[in-house]
Amino acid sequence: MSFPLPNASIDLSGQVALVTGASSGLGYRFAKVLAAQGAKVAIAARRVDKLEALAEEIRAAGGVALPIAMDATDADQLIAAVAKAEAELGTVTILINNAGIPDAQRAHKMSIELIDQVLDINVRAPFILACEVARRLIAAGKPGRIVNIASVAAFSYTGGGAALYSVSKAAVARSAEVLGVEWSRYNINVNAIAPGAFASEMMDGMLSRMGDITQRFPRQRLGDPAQLDSTLLYLVGPASDAVTGTVIRVDDGQGGR
């Protein structure tokens, strides 16, 4: 299954988007989609070579892309990434908090180091980034959109491992809810997308450990990242002006409710 970039449906010219975890998977797709709508895109991750390749793709298509090396466990680098994006592209008006790592272990077998890493990258980093972007938007008197990438794991856990991942994604979803309320007076909308099982590097690792999980799904397929385009564009576009503090679940009916 393969989907092209969407036809331009919203005008994001004049907007500056910062996409974290952009070196692969959903973040890679999100950066290309936002650039295709006219946004200047700052792409942040640890793997600079992957970012450079993505930036070249975006530029070749006529877009603007700025690669930023960023370790999501380092608070100074998180703040510096926002500052660099603003210095070179303008005030960040769209933040896509996509960086995250899996947890494939039983809770009682996890090392303290792994616990800290999962919480640092999945919870602490997106919260710090959201606060830094919001702080600058408020100071500039500009509206903004923040989209956290959560997971259906935030709402359901079957006990097969990855308990902390579930906890961390519940925190990501809850952050969108509470920050959406707190910053609504500043016209900063904060929402979350909770995808189900979509094709990505992270999912490749899960499939190698667990086998073909799609056989348990009603439609027996993984989602294609392009199937999230419409939800992403809705949340950063004018049609969702009154939508904030909301979590949208996009899981192809893979699980119960």
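These figures come from a predicted structure and were not determined experimentally.

Time to look at the overall build of the protein. When its secondary structure is counted, the protein shows seven helices and seven strands. Reading the secondary structure of the protein in the N-to-C direction produces β-α-β-α-β-α-β-α-β-α-β-α-α-β. Counting only residues that meet the buried cut, the protein has 51% of its 257 residues in that class. Residue pairs in contact within the protein that sit at least 24 positions apart in sequence constitute 72% of those at least 6 positions apart. Carbon and sulfur atoms make up 52% of the accessible area of the protein, which totals about 11,700 Å².

Counted by the stated rule, this structure contains nine salt bridges. Residue arginine 136 pairs with glutamate 86 through a salt bridge whose shortest N-O separation is 3.1 Å. A residue pair is termed long-range when its members are at least 10 positions apart, and arginine 136 in helix H4 (residues 112-140) and glutamate 86 in helix H3 (residues 75-89) qualify at 50 residues. We classify glutamate 86 as partly exposed; its relative accessible area is 26%. A salt bridge links arginine 249 to aspartate 251; the shortest N-O distance between them is 3.3 Å. Taking relative accessible area as the criterion, arginine 249 reaches 25% and is therefore assigned partly exposed. Aspartate 251 sits in the buried class, given a relative accessible area of 4%. Each of the salt bridges in this network shares a partner with another, and the network as a whole consists of Glu86, Glu132, Arg135 and Arg136.

Time to look at unusual backbone geometry. Positive phi is not limited to glycine here, since asparagine 187 has a value of about 60°. In this fold, asparagine 187 is placed in the loop between helix H5 (163-182) and strand E6 (188-195).

Another point: the packing of H3 against H4. Two elements in contact, H3 and H4, have axes separated by 10 Å at closest approach and are oriented at 35°. Where H3 crosses over H4, the handedness of that crossing is right-handed. Contacts between H3 and H4 involve Ala75, Leu78, Ile79, Val82, Ala83 and Glu86 on the former and, on the latter, Arg124, Ala125, Ile128, Leu129, Glu132, Val133 and Arg136. A breakdown of the residues in the contact of H3 with H4 according to their chemical character gives nine nonpolar, no polar and four charged.

Moving on: the pairing of strand E2 (residues 40-45). Within E2, five of the six residues are buried, which leaves the element mostly enclosed by the surrounding structure. In this structure, strand E1 (residues 16-20) lies alongside E2, joined through five bridges in parallel fashion. Within E2, the residue paired with valine 16 across the bridge is lysine 40. Remark: the E1/helix H1 (residues 25-36)/E2 crossover connection has right-handed handedness. Sheet analysis places E2 next to strand E3 (residues 64-69), joined by six bridges and oriented parallel.

To continue, consider the nonpolar core. Core analysis: the biggest nonpolar cluster contains 35 residues, and Leu18, Ile68, Leu95, Ile146, Trp183, Ile188 and Val190 have the highest contact counts within it. Taken together, the elements giving at least two residues each to this core come down to E1, E2, E3, H3, H4, H5 and E6. Counting residues per element, this core draws most heavily on H4, at 10 residues. In terms of nonpolar packing, the next biggest core, distinct from the first, is built from 32 residues, Ala17, Phe30, Ile149 and Val236 among them.

Our focus in this paragraph is H5. Its 20 residues place the ends of H5 29 Å apart at the C-alpha level, agreeing with the 28 Å of an ideal helix rising 1.5 Å per residue. For H5, the set of buried residues is Ala163, Leu164, Tyr165, Ser166, Ser168, Lys169, Val172, Ala173, Ser175, Ala176, Leu179 and Gly180.

Within the secondary structure layout, glutamine 117 lies in helix H4. For glutamine 117, a relative accessible area of 37% corresponds to the partly exposed category.

Thresholds, definitions, all that
- Residues numbered from 1 in each chain as written.
- Predicted model: local features only at pLDDT ≥ 70, side-chain atom pairs only at ≥ 80, totals over all residues.
- Heavy atoms only, no water.
- Helix = DSSP H or I, 4+ residues; strand = E, 2+ residues; numbered from the N terminus.
- Buried < 20%, exposed > 50% of the residue type's maximum accessible area, 1.4 Å probe, protein only.
- Contact = heavy atoms within 4.5 Å.
- Areas by Shrake-Rupley, 256 points an atom, 1.4 Å probe, with all protein chains shown as cover.
- Salt bridge = Lys/Arg side-chain N within 4 Å of Asp/Glu carboxyl O.
- Axes fitted to C-alpha atoms, helices over the stretch in contact; angles between N-to-C directions.
- Left-handed = near helix turned anticlockwise from the far one by under 90°.
- Nonpolar A, V, L, I, M, F, W, Y, C, P; charged D, E, K, R; others polar.
- Pairing = 2+ DSSP bridges.
- Right-handed = clockwise from strand over helix to strand, strands pointing away.
- Core = buried A, V, L, I, M, F, W, Y, C linked by side-chain atoms within 4.5 Å.
- Expected span 1.5 Å × (residues − 1).

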